[in-house]
Structure formats: C-alpha cells, structure tokens
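Read off the chains here:
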Amino acid sequence: MSLRIVVCVKYVPDATGDRHFAEDLTVDRDDVDGLLSELDEYAVEQALQIKEAADDEAEITVLTVGPDDAKDALRKALSMGADKAVHVEDDDLHGTDVMGTSLVLAKAIEKTGYDLVIAGMASTDGTMGVLPAILAERLGVPQVTLLSEVSVDGGVVKGRRDGDTASEQLEASLPAVVSVTDQSGEARYPSFKGIMAAKKKPVASLDLDDLDIDAEEVGLEGSWTKVDSAAERPARTAGTIVKDEGEGGKQLAEFLAGQKFI
Amino acid sequence: MAEVLVYVDHVDGAVRKPTLELLTLARRIGEPVAVALGAGAEATAATLAEHGAVKVLTADAPEFADYLVVPKVDALQAAYDAVSPAAVLVPSSAEGKEIAARLAVRIKSGIITDAIDLESGDEGPVATQSVFAAAFTTKSRITNGTPVITVKPNSAPVEAAPAAGAVEALAVSFSEQATGTKVTARTPRESTGRPELTEAAIVVSGGRGVNGAENFAIIEALADSLGAAVGASRAAVDAGWYPHSNQVGQTGKSVSPQLYIASGISGAIQHRAGMQTSKTIVAVNKDAEAPIFDLVDYGVVGDLFEVVPQLTDEVKSRKG
Ligand SMILES: Cc1cc2nc3c(=O)[nH]c(=O)nc-3n(C[C@H](O)[C@H](O)[C@H](O)COP(=O)(O)OP(=O)(O)OC[C@H]3O[C@@H](n4cnc5c(N)ncnc54)[C@H](O)[C@@H]3O)c2cc1C
Ligand SMILES: Cc1cc2nc3c(=O)[nH]c(=O)nc-3n(C[C@H](O)[C@H](O)[C@H](O)COP(=O)(O)OP(=O)(O)OC[C@H]3O[C@@H](n4cnc5c(N)ncnc54)[C@H](O)[C@@H]3O)c2cc1C
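As annotated in an unreviewed UniProt entry, chain B carries the name Electron transfer flavoprotein alpha subunit and comes from Streptomyces spectabilis. The UniProt entry for chain B carries the following comment under Function (unreviewed entry): "The electron transfer flavoprotein serves as a specific electron acceptor for other dehydrogenases. It transfers the electrons to the main respiratory chain via ETF-ubiquinone oxidoreductase (ETF dehydrogenase)." Under Subunit (unreviewed entry), UniProt gives the following word-for-word description of chain B: "Heterodimer of an alpha and a beta subunit."

Chain A is annotated in an unreviewed UniProt entry as Electron transfer flavoprotein subunit beta from Streptomyces spectabilis. The UniProt entry for chain A carries the following comment under Function (unreviewed entry): "The electron transfer flavoprotein serves as a specific electron acceptor for other dehydrogenases. It transfers the electrons to the main respiratory chain via ETF-ubiquinone oxidoreductase (ETF dehydrogenase)." Per UniProt, the comment on chain A under Sequence similarities (unreviewed entry) is "Belongs to the ETF beta-subunit/FixA family."

Side note on the overall build of chain B
Secondary structure assignment for chain B yields 9 helices and 17 strands. Taken over the C-alpha atoms alone, chain B extends approximately 60 × 45 × 40 Å along its principal axes. Among the 320 residues that make up chain B, the fraction classed as buried is 61%. The contacts in chain B between residues at least 6 apart in sequence include a share of 65% that link residues at least 24 apart. Accessible surface, chain B as shown: approximately 11,600 Å² in total, 47% of it carbon and sulfur. Here chain B holds 26 positive side-chain charges and 37 negative ones, and the gap between their average locations is 3 Å.

Considerations on the sheet that holds strand β9 (residues 166-173) of chain A
The strand order across the open sheet built from 10 strands is β11(A)-β5(A)-β4(A)-β1(A)-β6(A)-β10(A)-β7(A)-β8(A)-β9(A)-β12(B), with neighbouring strands paired in mixed fashion. The sheet terminates laterally at β11 (203-206) of chain A together with β12 (182-188) of chain B, the two strands that pair on one side only. Direction aside, neighbouring strands of the sheet carry axes that sit 30 degrees apart on average. Together, β4 (58-65), β5 (84-88) and β11 of chain A form the strand contacts of helix α2 (residues 71-80) of chain A, whose direction differs from that of β5(A) by roughly 165 degrees.

Some points on unusual backbone geometry
All names here are of chain A. Omega for the bond connecting L174 with P175 falls within 30 degrees of zero, at 0 degrees, which places this linkage in the cis form. Positive phi values are uncommon outside glycine, yet L25 reaches one of about 65 degrees. Relative to the assigned elements, L25 resides in the loop between β2 (11-13) and β3 (34-36). Owing to a relative accessible area of 22%, L25 belongs among the partly exposed residues under this scheme. In the Ramachandran plot, L146 falls in the positive-phi region, its phi being about 60 degrees despite a non-glycine side chain. Note that L146 resides in strand β7 (residues 143-153).

Remarks on the site of ligand 1
Among the 31 residues in the neighbourhood of ligand 1, the closest are listed as C8(A), K10(A), D40(A), S123(A) and I111(B). The residues that come close to ligand 1 belong to more than one chain, namely chains A and B. A distance of 3.0 Å is found between an oxygen atom of ligand 1 and a backbone nitrogen or oxygen belonging to V98(A). A distance of 2.8 Å separates an oxygen atom of ligand 1 from a polar side-chain atom of S123(A). When the free accessible area of ligand 1 is taken as 920 Å², the share hidden by the protein chains comes to 93%. At the level of elements, β4, α3 (98-112), β6 (116-120) and α4 (131-139) of chain A together with β7 (111-119) and β8 (126-131) of chain B are the ones that each hand at least two residues to the shell around ligand 1.

Observations regarding the pairing of strand β8 (residues 156-162) of chain A
All names here are of chain A. On β8, burial follows the alternation: V157, G159 and R161 on one face are buried, whereas V156, K158, R160 and D162 on the facing-out side are not. Pairing analysis gives 6 bridges linking β7 to β8, with the strands arranged antiparallel. Each residue of the ladder has a partner; that of D153, found in β8, is V156. Hairpin remark: β7 followed by β8, antiparallel, with 2 residues in the connecting loop; positive phi at G154, about 55 degrees. Looking at chain direction, β8 and β9 are connected through 7 bridges and run antiparallel. Residue R161 lies in a different strand from β9, and its bridge partner there is E168. Between β8 and β9, which pair antiparallel one after the other, the connecting turn spans 3 residues.

Regarding the site of ligand 2
The environment of ligand 2 is formed by 27 residues, the closest being R208(B), S233(B), Q247(B), S266(B) and Q270(B). At the site occupied by ligand 2, nearby residues are drawn from chains A and B. Measuring from a nitrogen atom of ligand 2, one finds a backbone N or O atom of V248(B) at 2.8 Å. With respect to ligand 2, the side chain of H271(B) contributes an N or O atom lying 2.8 Å from an oxygen atom. Secondary-structure elements contributing two or more residues to the shell around ligand 2 are α1 (38-53) of chain A together with α7 (234-238), α8 (269-272) and α9 (304-319) of chain B.

The rules we used
- Residues numbered from 1 in each chain as written.
- Chains lettered and ligands numbered in written order.
- Predicted model: local features only at pLDDT ≥ 70, side-chain atom pairs only at ≥ 80, totals over all residues.
- Heavy atoms only, no water.
- UniProt positions renumbered as here; feature names shortened; annotations may be inferred.
- Helix = DSSP H or I, 4+ residues; strand = E, 2+ residues; numbered from the N terminus.
- Buried < 20%, exposed > 50% of the residue type's maximum accessible area, 1.4 Å probe, protein only.
- Contact = heavy atoms within 4.5 Å.
- Areas by Shrake-Rupley, 256 points an atom, 1.4 Å probe, with all protein chains shown as cover.
- Lys, Arg positive; Asp, Glu negative; His and termini not counted.
- Charge placed at Lys NZ, Arg CZ, Asp CG, Glu CD.
- Pairing = 2+ DSSP bridges.
- Axes fitted to C-alpha atoms, helices over the stretch in contact; angles between N-to-C directions.
- Near = heavy atom within 4 Å.
- Polar contact = N/O pair within 3.5 Å; in protein donor to acceptor, adjacent residues only side chain to side chain.

In structure tokens, the structure reads:
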C-alpha cells in the first residue's frame, strides 16, 4: 500500500431531529438519533476518488472519536468503500472540547500511520470548522483546507480553495491534512454489496491508554472552554401571513415601510 | 488597562466591517491593539485608530500572500509575544478561524468560534454563541490560557472612538511550516457593486422557486431597490443559477442582517442555520406549508413572479 489515507469522520446528532443539551450542558446524544456527519461523506468520497486515481495503490482508514454508537458512522463510511476503521472510545472523553478532540485525533492518526489526512469542512453539530487546521498544526504538516477540488499525484496534493475574496490554487507535499467542502462532489451511496462487505471489515478500538493520553487532558474537566448556560431560543411570536390576492407585493412594502426599511 | 489583540481583516488596506465591530467588542474588555498583515497593512491605521485601536502592529512580507494561513499565524504569535494580551479576537471568516485555532494550539489556550456577542466577566470574557441552527443560545468562557475568540459579522455596532493608533512594525520570523502550502494562483472575486453578503444590513435571497438563472434578475432588482446583498439557497447554487459565493446556510455564508427576504426558499434546516439570527425575516412562497413561514415576521403566500416585482416597484416609488 503506497498511499495511506486517514479520513476523520464525526458521529453527530441528526440535524433534522430535536437537538438539545443534557444537564451537564454537553450535547444530549441519547435522545436524538446519530449519524455520520453529512459533510464528512464528502471527505470519504474524495478519499475513494484519490484511491481510485491511484489504481487502488492506497488504503483508506476511517477514524472517529466518539461514544459506542459512533460505530454507526464508521460502518457507513466502510460501506461506502473505506478499507478499515479505528474507533477511539473512552468514558473519560465525554464533554471534550476541540483542543482535546484534536489531541486524541492527532495521536490516533500518528499511531495508525498516514500520508494524507482528509476531514470534512466542519461538523454539523459543533460547526467550528477549525479541526483540520489544528490537526495540521499538531502533526506539523501542511494544511490544504476547504478544498472544492482535490487531487493527489506523485506525493503532491493540489486543490482549489474558494475564499471570501478570491479563489486560490493550492499545492503541498505529502504528508498533509486536507479538508473538503460540499462543493467537492456528491458523495456516493453505499451499494448493497458495500453494506455486506462492511460487516467484515476490521474496526479497531483504542482507548486513552493506548494513545498515552491522561484522562485529565480530555473530557469536561480537561476542557479549556466551559459552557455556563444554554438557553432555548424563545419561540418567535407568530408573524403575519397574508395570501396574495393581487396586492401581496404592496402589502409587503407597507410592512417594510412600517419597519423603516423603506 | 489590559490590552486585547484584534486581528485585522482587510483588502489592500481597506478594513472590512467585521474588524471594526471587533474593535467595539474589544473595548469592553480592554485596550485594542490591532494586528494588520500583508500588502496595505499600514494604510489600515487611520481607520483603526478612529475606531479605538491604541496601537497598530503591522508586517508585510511575500509569505503572507504566497503561502496559506501559517505565515499569518507566525505573525499573530509574534504580536502575542510582544503584547501579552488579555484576549485575542479574530473575525469569524474561514481563514480567520483557522488562524485563531492554530494560534490557540501554540499558546495552549482554549478557543471559542463564531461568538455573536462578548462581554467582560469575573473570570474573563464571556462569549455568546448561537448553536444548533440558532435553536439555542449559549454563554461560554475559556478556562485555560489567553482567551482566543472568533466573532461573527454583525455582532456589534461600529462605533467611532478615536485613539492614538500609533503604527509599529512587527518583527516576524517565519516558522518551518510557513512555506508548507503554496498558493500557486489566485483569482480575485469580481465585485458586483452590491454590499458584501455577510456585512449587508439587508439580504434578498432566491431559491429553487426562482426557477432559472435568468430569473435571478427579479431578485437582483429587488435587492438593488433596497441597497441589499443577494443570497441564494444551495438548491439554486447547485442548479448553477447563482455563484456559490452567494450561498446562504450551513455550508455557505452565515448572515445576520437587519432584514432577510427569502423568495422561493422552503426553509430547510441547513438554510436556516445561516440566516435564522436575522433580525426581521420576510418570505414569499407559494406553498403555505413551507417551513420558512415558521420563522417569518411577515410572509406572503403567493407566486414570487407576481409578488416580488410588485414589491420592487413599490419600493422604488416610495423611495422616489
Ligand atoms: C454547538 C457546539 C458548540 C461548540 N463550541 C465549541 C467551542 O467554541 N470551542 C471548543 O473548543 N469546542 C466547542 N464545541 C465542541 C467541539 O464541537 C468538539 O470538541 C468537536 O469534536 C470538535 O469540533 P467540531 O466538531 O466543531 O469540529 P469541526 O472543526 O467543525 O470539524 C471539522 C472536521 O473535523 C473532523 N472531526 C471533528 N470532530 C471529530 C471527531 N470527534 N472524530 C473524528 N473526526 C472529527 C471531521 O472530519 C469534521 O468534518 C462545541 C460543540 C457543540 C456541539
Ligand atoms: C450537508 C448539507 C449542507 C447544506 N447546506 C446548505 C446551505 O448552506 N444552504 C442551503 O440553502 N441549503 C443547504 N443544504 C440543502 C438544504 O437541505 C435544502 O435542500 C435547500 O436549502 C433547498 O433549497 P430551496 O429552499 O431553494 O429549495 P426547495 O426546498 O426545493 O424549496 C423551493 C421552494 O420554492 C417554492 N416555490 C416554487 N416556485 C415558486 C414560485 N413561483 N413562487 C414562490 N415560491 C415558489 C416552493 O413552494 C418551495 O417551498 C444543505 C444540505 C446538506 C445535506
């Protein structure tokens, strides 16, 4: 296997469900169905395409840090075509912030061995969008992030990053950390064959001891951020809704004028 | 009084509005010291001084434009070492967040991203975040190191607060990682002459209901009558009707204007994630059951091809 690809995937509460916080102000994961963060499907897809372009001279490991259920996210990625999985699972991880999570991921990536790390642009729960940059910092390798197009050839990764004010072409030597956006290309659906094959693929379990991480460095206690309160947004007072009977635009203008927008 | 580092987002010396908002927030927790990097860095000083910067640290080198992110992290770290600030504030752009995050790792600090408000607290700055597609509002703080906080556009008013704003050159030595990711080409985005989407006071957006690239002229005409920015749903972007840089939502821009007008947009959770904190929300949709109507202050159930042009005409005639 010449090219070792590690894809970071997160198990998140379904965004279309009723997401909320538990009493300790961490995300309540028991009451809402979890799934593979949709934005990480794009990362798995690009890993598969890079492997295909490398004439299969590559091996894809999917990696997650999360509770027991997070195996579901790994299964989904394996059924899409990844080769094997690593699950970092430890009771002491409950409530870890981005600094702790990135520490665990970095150690797990080093232990697994890698030439290329691929992540999503952001998770659909924390939505920080910084973890890939932090991984690059921790691993001491180039970050080639927020790519809408990516390719790997001859030990070099290239990609396009569409920023606020310009679109940039980027280039870095491997090893590197890449993150991809949802513009990078639709993710494939697992085939029936893929789903069956996934059941036989290896899923390794690691805990904090395996990674030489102290419990104090992670979890709620080890976090460097603290959530003091979480309040549900007050329900909006019901707005005015009118049916257009030919004057809808004028009525709307009247409303906007009343609000001093015109 | 404690100093607070403020990272300056500017284009060739023109300071972008979110940085001026940061200066307002920085003054609540200390004295703002601005850090401006790259071409035109010194030209930012007058504007920054006018809005409260006591000092402006500047550096320019080819590395800032030729390589991704890390050279700017090296410079911000040099500023951090020079100042020993009480907090570091950075605008929540994609690049800003990455710069902030890498600095936080280096200085062993916790990080909070996408704050929508900031106040001074007994145990350091307290940040407000709007999470889970704006369904919850949280208050958080950083318990280790110097708080590093990124703040979303439109989170604070821009206020004049004249200060010295003395320019000082910042000495930066680049790390080994600085040249890791080369920028081999750069195509600037063409200006439309309309306000910047994330900074605009009014945003007018179109979705699948607009039904074609050519029909976006209807949305643009309304936007122009109101002096607004134009947004689009992902469905409209994926169909190729409008550029991705105008997408509003989870994987597009997140906007928080005074007024958001959605036409032909159903209001999917991922779209709401990017616009739900708008102060006033208005929608035009022919389906009375569309979820967007749950959010609106004012909604018109009707055909956008009828309602929107009529609204545009009415706005124009009222504005004279
Ligand atoms: C609403 C909310 C707000 C939060 N705010 C903060 C905050 O301000 N500061 C803070 O320190 N923490 C915060 N957290 C915690 C933070 O989300 C987690 O620590 C998380 O593991 C890392 O951040 P992210 O998911 O936002 O990462 P992002 O940077 O958004 O994720 C980018 C990519 O990193 C990879 N990735 C992220 N997490 C994992 C994982 N567990 N396993 C494998 N791959 C992963 C995925 O590829 C993902 O697409 C918040 C959490 C929530 C739910
Ligand atoms: C991971 C992920 C990330 C995503 N990120 C984003 C994002 O950043 N932004 C985003 O917008 N979406 C995002 N989406 C997509 C999102 O789920 C929806 O598919 C999308 O927002 C739908 O766009 P729409 O409302 O324009 O289209 P639709 O849901 O098809 O709605 C079109 C609406 O137009 C109305 N309509 C049709 N014709 C007319 C007419 N003549 N007059 C008036 N009304 C009319 C219809 O009644 C309907 O309500 C994301 C999805 C995923 C999975």
